[in-house]
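# Reading the structure
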Amino acid sequence: MRMVKSLGAAALFTLPLMAQATTAPDGASTQILSPMDGATVSSPVVIQFGLSGMGVAPAGTDRDNTGHHHLLINLDELPPMDQPVASDDQHRHFGGGQTQVSLDLPPGEHTLQLLLGDKDHIPHTPPVMSDKITITVE
């Protein structure tokens with residue numbers, strides 16, 4: 001019996017620490033203000049972010065009811081909601097608290113979606129994300 005207790009305690013101490021989910025307030029939402037869904041645009045594309053029910057704060061800022069935007073570009077699947085959002089050409093971080101970006105996108109159809117992240121780039125619970133929109137770059 002002692003062996004089981006000791007083994008159990010040892011296992012607890014070796015588990016990785018899991019990040020705590022940051023709770024989003026009821027009704028919080030983010031949206032792409034422009035361009036509109038279905039728009040035909042030219043590059044560079046100016047994308048404006050909207051947020052209601054929360055405030056924008058730079059990454060690393062530990063303030064209740066705040067977060068920063070991540071722009072998901074041409075993703076078929078959402079990133080994991082319990083891990084920091086990746087940082088690459090399809091997952092753009094706006095950790096400075098930016099609410100707009102001008103992006104060079106190649107001609108063709110593109111999907112865009114916003115996902116708010118907490119101080120550690122982890123999506124809130126429940127996730128605060130926009131609808132996915134589709135634009136065409138000429």
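Reading the values: rules and limits
One numbering rule holds for all chains: residues counted from 1, following each sequence as written. Only residues with pLDDT of 70 or above have their local features reported here, since the model is predicted, and side-chain atom pairs are shown and tallied only from 80 upward, although totals for entire chains, interfaces and linings are computed over all residues. Calculation of side-chain values draws on the structure's entire complement of heavy atoms; hydrogens and water are dropped beforehand. Runs of E in the DSSP output that reach at least two residues are strands. Runs of H or I that reach at least four are helices, and both are numbered from the N terminus. Three exposure classes are used, based on accessible area relative to the maximum for each residue type with a 1.4 Å probe and protein chains only: buried under 20%, partly exposed in between, and exposed over 50%. Residue contacts are defined here by distance: any two heavy atoms, one from each residue, within 4.5 Å place the two residues in contact. When DSSP finds two or more bridges between two strands, those strands count as paired. Centre distance within 6.5 Å is the pairing criterion for rings of Phe, Tyr and Trp, where only the six-membered ring of Trp is used; planes under 30 degrees apart are then read as stacked, over 60 as edge-to-face, and the remainder as tilted. Think of a nonpolar core as a cluster: buried Ala, Val, Leu, Ile, Met, Phe, Trp, Tyr and Cys residues, connected wherever their side-chain atoms sit within 4.5 Å. What pLDDT conveys is the predictor's confidence in a given residue, as a value from 0 to 100.

### Observations regarding the overall build of the protein
Tallying secondary structure elements over the protein gives one helix and nine strands in all. Along the protein, helices (α) and strands (β) appear in the sequence α-β-β-β-β-β-β-β-β-β when read from the amino end. Counting across all 138 residues of the protein, residues that qualify as buried make up 35%. Once local pairs closer than 6 in sequence are excluded, the contacts in the protein between residues at least 24 apart make up 66%.

### Overview of the pairing of strand β8 (residues 108-117)
Put simply, side chains in a regular strand alternate between the two faces of the sheet. The buried fraction of β8 is high, at eight of ten residues. Alignment of strand β5 (residues 66-73) against β8, held across six bridges, turns out to be antiparallel. Of the residues in β8, the one forming a bridge with H70 is L115. Alignment of β8 against strand β9 (residues 133-137), held across five bridges, turns out to be antiparallel. Counterpart to E109 in the pairing with β9 is T136.

### Focus on the packing of aromatic side chains
Enumeration over the complete set of coordinates arrives at one aromatic pair. Relative to F94, the ring of F49 lies with its centre 5.0 Å away and its plane at 65°, an arrangement referred to as edge-to-face. Of this pair, F49 sits in strand β3 (residues 45-52) while F94 is found in the loop between β6 (91-93) and β7 (100-103), placing the two residues 45 residues apart along the sequence.

### A closer look at the nonpolar core
Formed by 17 residues in total, the largest nonpolar core has its most connected members in I47, L71, L112 and I135. When residues of this core are traced back to their parent elements, those giving at least two are β3, β5, β7, β8 and β9. Those residues in contact with I135 that sit more than four places away from it in its chain are P35, M36, A39, V41, V45, L105, G108, E109, H110 and L112. Grouped together as the second largest cluster of nonpolar side chains are six residues, A24, L51, M54 and L116 included.

### Here we look at the confidence of the model for the protein
Confidence in the prediction of the protein, expressed as mean pLDDT, is 89, and 86% of residues score 70 or more. Every residue in residues 1-17 scores below 50 in pLDDT, and together they form zero contacts with partners more than four places removed in sequence or on other chains.

### So, the environment of L112
Of note, L112 is situated in strand β8. With 19 residues separating them in the primary sequence, L112 and D131 have C-alpha atoms 8.5 Å apart. Every residue in contact with L112, bar those within four places of it in the chain, is listed here: I32, I47, L71, L72, I73, D131, K132, I133 and I135.

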